[in-house]
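Coordinate inspection notes
Listed below, chain by chain, are the residues.
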Amino acid sequence: MKDGPTIEQAEEMIDQAAYTGYSLRARHLRKAFGSRSTAGSKHSIEDEATVAVGLKPTALTKQERQVFGSRVNDYLCARSKILLSWWQDCSTAVNLRQLLAEIDDSKVATVRDAYYFLQENGYINFGVLTSGEPEPDQQGDAAAADTNSAAMPLVPEPEEDDRAIVFKLYQLLRAADMQTTSEKAIRKELQKHFKTDISTRKALVKQHVNYFIEHLERKDSLEPLGYEGQADPYAAAAEGERERERRAAASAARAAAAKPPDMPHGRVIVVGAGPAGLAAANVLQRNNVDVLVLEARDRVGGRVHSYTGPFSAPVDLGTSVITGTAPEVDQGLAPDPVIFLCRQMGLQLQQLQGIVPIYGAAGQQVSQELQEQVDRSRDDLLDQACHTADTTDQEQVEQLSLGEAVQQALQQHMQGPSAAPAAGADATATGNSPAANGQASEAAATSGPETPQHMQEQQQPQQDAGDPNKEQLSMQDAQHPEQWQEQQPVQNCLPQRAIGEAERQLQQQQSASPDKPGVDTAWQQPAAATVGAAIATAPGAITADWLQLLDWQWANFEYGCNASLDELSLQHWDQDGEWGGFGGPHCMVVGGLQQTMQGLAAQLGDALRLSCPVTCIRYSTAGQQSASDAGNGEQVQEAANEAADKQQRVVKVTTAQGEVLEASLVLVTVPLGVLKQGGVKFVPALPEWKQQAVQRMGFGNFNKVVLQVSR
């Protein structure tokens, strides 16, 4: 199998790919980072490596500030070095020993802390690794320290000669007690040190002893007679020994720093082997956590499912597109993390075509001019919807859908800038906004009331009090702090230049021959009666062409959101817009995306169990269990207090086969639909706020039609 694109090739693909994010998100990125054009921009490979894992080159996350706030500069340097090593070769774990061997002694602690922080939080050393850093052992580390120390060049011990004997003699005399030490005792010390007979050098010893005594007042600085100005061989040897000891200590410190933290106590059970469960288990296992993954199906991947069936090549029935395959440093956009798995496994990527032409009902391509005009109108309608969210009462906004707000903005377009806001009672009463269901033309012909339908329902609460189908949705438990900032009120959401272009477009179509090249005759076909009625009540610049293409834009928008606009919260529909999506071109994996999930699963080995549905999760603290077993009265309180001090969690997981497994923590990654249906029983029941959040959240039904064309 061919390797995936290199970093340089991926960067070239970025320039060729069209930006496919929402228009508001693109506008936010331009405001935050400047133009998307990278021409002339300069950034280092370290910056690229940092952005690739989702961090900012010169800034810290909140968690990083909490851990490294007192040593920011040292941490940033260490982080850059570690992430660069990971980005350049993510097939193997970053080698901590090698990093420590290349830095100053003063940086060892920071590099070690940075390494394990990045690993524990999933920034490095994740995915399908071909090999990892070997487990260090104390004997091996000690041997390595001794080897490094012994390899260092040292000053040899002086040999037996007159010079060596004289310097050693002066060393002994400086340390001796002149009141009790004799010359004979000094000779014995020399003989013991050199392990040889010194009697033949009595005269030499006597001469220097007398000279030392004569100059006793200068004994600390007295140089040997006849060897003035020469280096003391014993001083050099002593300094070499001290350097040897220092290096041995530094080597031992590096070996200790490279030793991984102790294995955490207890087991973690991960329920579900989809992308979230497999990725979490992979990171836990890499950090020496005892992990067990339980999957109900007979395969891994969840909604990542590559199906072959009758086809000649695997077809991704679920997730299929990697929505970003390269970092964009100028915009601060990281690639989709699955790109690391593709690089590690050498999977081939197929880039998607950036620009897709739009064709009318008769098969003629829609003009680029009209597409750009309607694109701007769509953006302006969304801008107006966001402005409505910013200027409307909080309680009312929480009950407004994006479809209602867009419908209101569209009616203002159709009726002119002086029209009062209206959400379209006929649309919202049925729960289906015309703008959100390919009926913008019909909605434009309907003049709705000035007050949105949901606000009318609030003014008459008695009428719907007994209707269980009138569900009052509250987002208070899931609010996000992101607000649309620097958003100016839009007085007229359709710019004058767009109106002028639409008028000019209409004039050209009316005056041109149907057979004239370059004219889109499909858009000159008679419109539906509803469209004609809408045009009759709309400003002259809004044409059937404009409305039909806008309908298609909403359909495409709903495709991107995987839900009707009436099902999207006005306040939270673009809650991830702050992050800007992923960087780089969109690609598909040749052979199917499920290969990446199978690669992750292979890393788990026996820690993964398939066809093992979980039916019940019974969670409590050890204190609760002890209290229930101890009885009543003082014994209950004592048991509870003792267990509370230990703070040890005990969770029991029951499988469909009747097996009961215990863990210190359970990570539940099952699909939202399973939680909605109560497929897993929690004892005690989940908190009310969490149950409400589960029921309020929704997900779309995405259908695919697969066609195999024979050549």
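Rules used in this analysis
Residues numbered from 1 in each chain as written. Predicted model: local features only at pLDDT ≥ 70, side-chain atom pairs only at ≥ 80, totals over all residues. Heavy atoms only, no water. Pairing = 2+ DSSP bridges. Helix = DSSP H or I, 4+ residues; strand = E, 2+ residues; numbered from the N terminus. pLDDT = per-residue confidence, 0-100. Contact = heavy atoms within 4.5 Å. Salt bridge = Lys/Arg side-chain N within 4 Å of Asp/Glu carboxyl O. Buried < 20%, exposed > 50% of the residue type's maximum accessible area, 1.4 Å probe, protein only. Axes fitted to C-alpha atoms, helices over the stretch in contact; angles between N-to-C directions. Polar contact = N/O pair within 3.5 Å; in protein donor to acceptor, adjacent residues only side chain to side chain. Parallel < 35°, antiparallel > 145°, perpendicular 65-115°, else oblique. Nonpolar A, V, L, I, M, F, W, Y, C, P; charged D, E, K, R; others polar. Phe/Tyr/Trp six-rings, centres within 6.5 Å; stacked < 30°, edge-to-face > 60°. Lys NZ or Arg CZ within 6 Å of the ring centre and 35° of its normal.

Here we look at the pairing of strand S10 (residues 649–655)
- By the bridge criterion, four bridges tie S10 to strand S11 (residues 660–663) in an arrangement that is antiparallel. Pairing of Lys-652 across the sheet is with Glu-662, part of S11.
- Turn length for the S10-S11 hairpin, with the two strands adjacent in sequence and antiparallel, is four residues, and the turn residue Gly-658 shows positive phi of about 90 degrees.

Re the confidence of the model for the protein chain
- Looking at the protein chain as a whole, the pLDDT averages 74, with 67% of positions reaching at least 70.
- For the protein chain, per-element mean pLDDT is lowest for helix H21 (residues 461–464), which scores 36, and highest for strand S8 (residues 608–609), which scores 98.
- In this model, residues 9–40 is a region of pLDDT below 50 whose contacts with residues beyond four sequence positions or in other chains number 66 contacts.
- Confidence drops under pLDDT 50 across residues 134–157; counting only partners more than four residues distant or on other chains, this segment forms 32 contacts.

Describing the pattern of salt bridges
- Inspection of the entire model under this criterion finds 12 salt bridges.
- Two residues, Arg-71 and Asp-113, come together in a salt bridge whose shortest N-O distance is 2.8 Å. Note that Arg-71 is positioned in the loop between helix H4 (62–68) and helix H5 (72–88) and Asp-113 in helix H7 (residues 108–120), a separation of 42 residues in sequence.
- Residue classification places Arg-71 among the partly exposed residues on the basis of a relative accessible area of 23%.
- By relative accessible area, which is 27% here, Asp-113 ends up partly exposed.

What to know about the sheet that holds strand S7 (residues 586–589)
- Pairing is antiparallel across the open sheet formed by three strands, whose spatial order is S5-S7-S6. Each end of this open sheet is capped by a strand with a single partner; those strands are strand S5 (321–323) and strand S6 (349–351). Recorded for the sheet is a direction-independent mean angle of 35 degrees between the axes of neighbouring strands.
- Pairing of S6 with S7 involves three bridges; the strand directions are antiparallel. Across the sheet, residue Gln-351 finds its bridge partner in S7, namely Cys-587.

Remarks on the side chain of Gln-571
- Position of Gln-571 among the secondary structure elements: in the loop between helix H24 (544–561) and S7.
- In terms of polar contacts, Gln-571 uses its side chain to reach the side chain of His-572, at 3.5 Å.
- If near-sequence neighbours (up to four positions away) are discounted, Gln-571 is found in contact with Gln-394, Val-397 and Glu-398.

Remarks on the packing of helix H3 (residues 45–52) against H5
- Contact geometry of H3 with H5 gives a least axis separation of 8 Å together with a crossing angle of 80 degrees. Of the possible angle classes, the one that applies to H3 and H5 is roughly perpendicular. Between H3, through Ile-45, Glu-46, Glu-48, Ala-49, Thr-50 and Ala-52, and H5, the contact on the second element is made entirely by Arg-79, Ser-80, Leu-83, Leu-84 and Trp-87.
- Split into classes, the residues belonging to the contact of H3 with H5 amount to six nonpolar, two polar and three charged.

Quick look at the packing of aromatic side chains
- A complete count under the given rule lists 13 aromatic pairs for this structure.
- Here the aromatic cluster, defined as three or more aromatic residues joined through ring pairs, consists of Trp-86, Trp-87, Phe-126 and Phe-340.
- Sitting above the plane of the Trp-87 ring, Arg-343 keeps its charged end 4.2 Å from the centroid.

Digging into helix H25 (residues 594–604)
- By the criterion of burial, H25 is predominantly enclosed, with eight of the 11 residues buried.
- Where H25 is concerned, the buried positions are Gln-594, Gln-595, Thr-596, Met-597, Gly-599, Leu-600, Ala-601 and Leu-604.
- Gly-605 lies just past H25 and shows a positive phi near 60 degrees.

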